[in-house]
Amino acid sequence: MEANLIENGSFDSVVDGCDGVFHTTTHVLFKLTDPHAELIKSAEEGTLNALRSCSKVPSLRRVVETSSITTVTMNRNPKGPNVVVYETWFSDPMWYALAKTLAEQAAWKFVEKRALIW
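Residues numbered from 1 in each chain as written. Predicted model: local features only at pLDDT ≥ 70, side-chain atom pairs only at ≥ 80, totals over all residues. Heavy atoms only, no water.

(A) Summary view of the packing of helix α2 (residues 35-55) against helix α4 (residues 95-114). At a minimum axis distance of 9 Å, the contact between α2 and α4 shows a crossing angle of 30 degrees. As judged from the angle between their axes, α2 and α4 are roughly parallel. The element α2 and its partner α4 pack so that their crossing is right-handed. Contacts between α2 and α4 pair Pro 35, Leu 39, Ile 40, Ala 43, Glu 44, Thr 47, Leu 48, Leu 51, Arg 52 and Ser 55 from the former with Trp 95, Tyr 96, Leu 98, Ala 99, Leu 102, Ala 103, Ala 106, Ala 107 and Phe 110 from the latter. When its residues are assigned to classes, the contact of α2 with α4 shows 15 nonpolar, 2 polar and 2 charged. (Axes fitted to C-alpha atoms, helices over the stretch in contact; angles between N-to-C directions. Helix = DSSP H or I, 4+ residues; strand = E, 2+ residues; numbered from the N terminus. Parallel < 35°, antiparallel > 145°, perpendicular 65-115°, else oblique. Left-handed = near helix turned anticlockwise from the far one by under 90°. Contact = heavy atoms within 4.5 Å. Nonpolar A, V, L, I, M, F, W, Y, C, P; charged D, E, K, R; others polar.)

In structure tokens form, the structure reads like this:
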């Protein structure tokens, strides 16, 4: 089976007949000229495309959308049991972490708007 994250309907045949779906992916790019277009938009659209396909499947009982540890830990500051974490540490965007976070927020909005209960 094959699906393209940013192609609407690409997941239809992949999830058809499934009882459960694990959506885990966001591509990783290390050199970006336009982070919004190259990573953030595709992460959000890929997640929403997968969820749109899932919402068409009556047999589907559970969808698991995974995040990434980088969304809460990836920054340049030291970590340790005695280190206090400040939200200002995250003002310099780590594009992958930002993309995963925004895609997860888009997923929650999608599910809540449609009152889906996977």
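After presenting the structure, the write-up continues.
(B) Just the pairing of strand β2 (residues 62-65), in detail. Sheet analysis places strand β1 (residues 20-23) next to β2, joined by 4 bridges and oriented parallel. Looking at the pairing, Val 21 lines up with Val 63 of β2. Handedness of the crossover joining β1 and β2 through α2: right-handed. (Pairing = 2+ DSSP bridges. Right-handed = clockwise from strand over helix to strand, strands pointing away.)

(C) Structural detail: the environment of Ile 40. Within the secondary structure, Ile 40 is located in helix α2. Sequence separation between Ile 40 and His 27 is 13 residues; the distance between their C-alpha atoms is 9.9 Å. Excluding its chain neighbours within four sequence positions, the residues that come into contact with Ile 40 are Pro 35, Trp 95, Leu 98, Ala 99 and Leu 102.

(D) Up close: α4. Its 20 residues give α4 an end-to-end C-alpha distance of 29 Å, which sits within 8% of 28 Å, the value for a rise of 1.5 Å per residue. Listing the buried residues of α4 in full gives Ala 97, Ala 99, Lys 100, Ala 103, Ala 106, Ala 107, Phe 110 and Val 111. Taken from the residues just after α4, Ala 115 is the one with a positive phi, measuring 55 degrees. (Expected span 1.5 Å × (residues − 1). Buried < 20%, exposed > 50% of the residue type's maximum accessible area, 1.4 Å probe, protein only.)

(E) Main features of the pattern of salt bridges. Within this structure, the stated rule accounts for 2 salt bridges. Across the salt bridge formed by Asp 12 and Lys 56, the nearest N and O atoms sit 3.0 Å from each other. Residue Asp 12 is located in helix α1 (residues 12-15), and its partner Lys 56 is located in the loop between α2 and β2; the two are separated by 44 residues in the primary sequence. Across the pair Arg 52 and Glu 45 runs a salt bridge, and its minimum N-O distance is 3.8 Å. (Salt bridge = Lys/Arg side-chain N within 4 Å of Asp/Glu carboxyl O.)

(F) Broad picture of unusual backbone geometry. Here the phi dihedral of Ala 115 falls at roughly 55 degrees; this positive angle occurs in a residue that is not glycine. With respect to the element layout, Ala 115 can be found in the segment after α4. The class for Ala 115 is exposed, based on a relative accessible area of 60%.

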